[in-house]
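Per-entry structural report
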Amino acid sequence: MLISSERVFYAGLHGKPSVRTLGALAVCVPLHGTARLEIEGQPPRVSEILAVPAYLPHKITSESREILGLLIEPESVCDEDLAEILRQCDDPAAASHLAARFREIYATMALSGTSGFTSADFDQIFLQRRLKQRELDTRISTVVSRFQAKPSSSISGDDCASGVKLSLSRFLHLFKDETSMNFKTFRAWKRARNILHHVNVERNLAHFALDAGYPDSTHFSHSLRRIYGLQPSALFSGSRRLQIINGRDVASDATGMRA
């Protein structure tokens, strides 16, 4: 797994997840064959590559035990480029090309030499283009950076609002306007996402839950099942042989902020 604050690439066991709600745009490519996407209220879709917008509950089943997964944090990319990725995965010709590229990259990549990548590097390798940064209000960008730096800390909406000199109601409204997501949902995802850095570590899950910022193991279990569609024990047991490589938390030379 290659992971930074804005991107994740996963190659490993798919398991049997139930309905999940990831906080990132998710692209899934089975290593062999096709996968099936189920979203409530929509007809099922079967393809060799599937893409799902952030925060949309869905279920994916795969013919292959192993899958390739790409996660892109929505607050880091402009809406137009996020929509283009979804369109590309829905277009048969473009989807087939992209799925083949993912599989080729996985077959040839030398993981030992992949550390230190940036989001721009990542996008060029997997998508063959540089995604445009979302331009965030500097106050909201400051809050996003706080969560990137300390995703397991208990940062409240009041803390964030005070830090950027806004009332709580104004901050929550501005946050949703800028990122298209609810602050509490964003915070829950960042905490759960941070766990990906440690899923190959064998340790007591109750202790791990507290270290990860959850009030107790019950909350930890419910949150991970809702977000990943798996119980913590299944998530960790399926990742014990996973190699995790961290990238640099730098998206590009652009700041992605606006005054």
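In what follows, the structure referred to is the one given above.
Now for a look at the structure at hand. Small disclaimer: the values here were computed from a predicted structure and weren't measured.

**Thoughts on the pairing of strand β3 (residues 25-30)**
- With six of its six residues buried, β3 lies for the most part within the structure.
- Every second residue of β3 is oriented toward a common face, with Leu25, Val27 and Val29 on one face and Ala26, Cys28 and Pro30 on the other, all of them buried.
- Where β3 lies against strand β6 (residues 50-52), three bridges are found, and the strand directions are antiparallel. Each bridged residue has a counterpart across the sheet, and for valine 27 the counterpart in β6 is alanine 51.

**Notes on helix α6 (residues 168-179)**
- The end-to-end C-alpha separation of α6 is 16 Å, in line with the 16 Å expected for 12 residues at 1.5 Å each.
- Downstream of α6 by one or two residues, serine 180 has phi in the positive range, about 65°.

**Quick word on the environment of histidine 97**
- Position of histidine 97 relative to the elements: it lies in helix α2 (residues 92-108).
- In this structure, the C-alpha to C-alpha distance between histidine 97 and glutamine 128, residues 31 residues apart in sequence, is 11 Å.

**Observations concerning the sheet that holds strand β1 (residues 2-3)**
- The sheet built from six strands is open, its strands ordered β6-β3-β8-β2-β1-β10 with mixed pairing. At either end of the open sheet lies a strand with only one pairing partner, and these are β6 and β10 (245-246).
- In terms of strand pairing, strand β2 (residues 7-13) meets strand β8 (residues 66-72) through seven bridges, oriented antiparallel. From the neighbouring strand, valine 8 faces β8, where its bridge partner is leucine 71.
- Strands in contact with α2 are β2, β3 and β8; relative to β3, the strand with the most contacts, it is inclined by about 75°.

**A short note on the sheet that holds strand β5 (residues 45-47)**
- Reading across the sheet, the three strands line up as β5-β4-β7 and stay open at both edges, with antiparallel pairing between neighbours. Where the open sheet ends on each side, the last strands, each with one partner, are β5 and β7 (59-62). Adjacent strand axes in the sheet meet at a mean angle of 20°, parallel and antiparallel pairs treated alike.
- In terms of strand pairing, strand β4 (residues 35-38) meets β7 through four bridges, oriented antiparallel. Following the sheet pairing, alanine 35 is matched in β7 by serine 62.

Parameters at a glance
- Residues numbered from 1 in each chain as written.
- Predicted model: local features only at pLDDT ≥ 70, side-chain atom pairs only at ≥ 80, totals over all residues.
- Heavy atoms only, no water.
- Buried < 20%, exposed > 50% of the residue type's maximum accessible area, 1.4 Å probe, protein only.
- Helix = DSSP H or I, 4+ residues; strand = E, 2+ residues; numbered from the N terminus.
- Pairing = 2+ DSSP bridges.
- Expected span 1.5 Å × (residues − 1).
- Contact = heavy atoms within 4.5 Å.
- Axes fitted to C-alpha atoms, helices over the stretch in contact; angles between N-to-C directions.

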